[in-house]
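Observations on the three-dimensional arrangement
Each chain is listed here by its residues.
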Amino acid sequence: MALFTNLKFDSLRDLLINQLEDLYDAELRLVDALPKMADAASSTELRSAFMDHLQETRGHAGRLEEIFRELQCEPKRETCDAMKGLVKEGSAVIGADGDPTVRDAALIAAAQRVEHYEMAGYGTVRNFAHQLGLHRVAESLQHILDEEGNADKLLTQIAESGINAHAA
C-alpha cells in the first residue's frame, strides 16, 4: 500500500478492497520474479520449489480476480511498494557473485521474507472478510494463506536439509 497518498477509507469494505488490490499487485510482481529466482538457484530442489510456487502464485492472482468479481469490483492493482522492495532485494541476490550454495541460502532468505509479507497481508484481509460476513471470500483467502504458509515451510525444509549446512 503506497504511503502518503490521498487514500480515503469510509468503510472496512473500502479498506478490504484496497488491501486486495495491493496483494494482487504483489502476486503479479512475483509472477515476474519467481522464474528469475529459479534460474539463479543452483539447487535443483530449490529451483523446483520456485517453479512450483510460480504456478501457485498464478493461481493466487486468479483467485484474487474471482474475489474481486464476487465483490462486484474490477480487478485492479494498487502498487505494492513493500513487494517492490522485496523483489529488489531478491534481484540483488540473483545478481550476486560467490559460492552458489551461499547464494541459494540467500535466495531462500529473500523468498521467506516475501512469504511472511504475504502471510501477514492475507491473514489481515481474511479477518476483514470475516468481519464483513464475506465467508466465501474469507475461505478463499484462507486457502491462499495456507499455500503461502506451506511454501514457507518448504523453504525452511530445503534450507535445513542441506543448503545452510553446505553454505556454512
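Predicted model, so just to flag it, every value in this text is computed and none were measured.

Thresholds, definitions, all that
Residues numbered from 1 in each chain as written. Predicted model: local features only at pLDDT ≥ 70, side-chain atom pairs only at ≥ 80, totals over all residues. Heavy atoms only, no water. Helix = DSSP H or I, 4+ residues; strand = E, 2+ residues; numbered from the N terminus. Rg over C-alpha atoms; globule rule 2.2 N^0.38 Å. Buried < 20%, exposed > 50% of the residue type's maximum accessible area, 1.4 Å probe, protein only. Contact = heavy atoms within 4.5 Å. 1 Å grid on protein atoms, 1.4 Å probe; cavity = no way out; pocket = protein on both sides within 12 Å on 5 of 7 lines; lining within 4 Å. Points joined across faces, edges and corners; volume = space filled by probe spheres on them. Expected span 1.5 Å × (residues − 1). Arc of directions from axis to C-beta. Core = buried A, V, L, I, M, F, W, Y, C linked by side-chain atoms within 4.5 Å. Axes fitted to C-alpha atoms, helices over the stretch in contact; angles between N-to-C directions. Parallel < 35°, antiparallel > 145°, perpendicular 65-115°, else oblique. Left-handed = near helix turned anticlockwise from the far one by under 90°. Nonpolar A, V, L, I, M, F, W, Y, C, P; charged D, E, K, R; others polar.

Attention now moves to the overall build of the protein chain. Looking only at helices and strands, the protein chain has five helices and zero strands in total. The helix and strand sequence of the protein chain, counted from the amino end, reads α-α-α-α-α. Relative to the globule expectation of 15 Å for 168 residues, the C-alpha radius of gyration of the protein chain, 17 Å, shows essentially globular dimensions. On the principal axes, the C-alpha backbone points of the protein chain span a range of 50 × 30 × 20 Å. In the protein chain, buried positions account for 45% of the 168 residues. A separation of at least 24 residues holds for 78% of the contacts in the protein chain among residues at least 6 apart in sequence.

Next up on the list: empty space enclosed by the protein. Inspection of every chain in the model, using the stated rule, returns one cavity of 30 Å³ or more. Computed from the structure, the largest cavity encloses a volume of approximately 40 Å³. For the lining of the largest cavity, the elements supplying multiple residues, two or more each, are α1 (12-40), α3 (81-94) and α4 (100-131).

Right, let's get into α3. In a regular helix each residue adds 1.5 Å, so 14 residues correspond to 20 Å; α3 covers 20 Å between its end C-alpha atoms and thus fits that length. Those residues of α3 that sit buried are M83, L86, G90 and V93. Taken end-on, α3 shows its buried residues confined to a sector of 70°, consistent with a single buried face. For α3, exposure combined with an orientation more than 90 degrees from the buried face picks out K88 and A92. Of the surrounding elements, those touching the buried residues of α3 are α1 and α4.

By volume, the largest pocket is sized at about 180 Å³. A49, H53, E115, A151 and L155 are, among the 16 residues lining the largest pocket, the residues nearest its centre.

So, on to the nonpolar core. Core analysis: the largest hydrophobic core is formed by 26 residues, its most contacted members being M37, L46, F50, M83, L107 and I108. Elements that contribute at least two residues to this core include exactly α1, α2 (44-70), α3, α4 and α5 (135-167). Broken down by element, the residue count for this core peaks at seven residues, all from α1. Setting aside residues up to four positions removed in sequence, L107 forms contacts with M37, A40, A41, L46, F50, V93 and I94. One finds V125, F128, A138 and L145 within the second-largest nonpolar core, a separate group that totals 20 residues.

The contact between α2 and α4 brings their axes to 13 Å, and the two run at 20°. Classified by the angle between their axes, α2 and α4 sit roughly parallel to one another. In this structure, α2 crosses over α4, and the sense of that crossing is left-handed. Contact with α2, carried on its side by L46, F50, H53, H60 and L64, involves D104, L107, I108, A111, E115, E118 and Y122 of α4 and no other residues of that element. Of the residues contributing to the contact of α2 with α4, the split by class is seven nonpolar, two polar and three charged.

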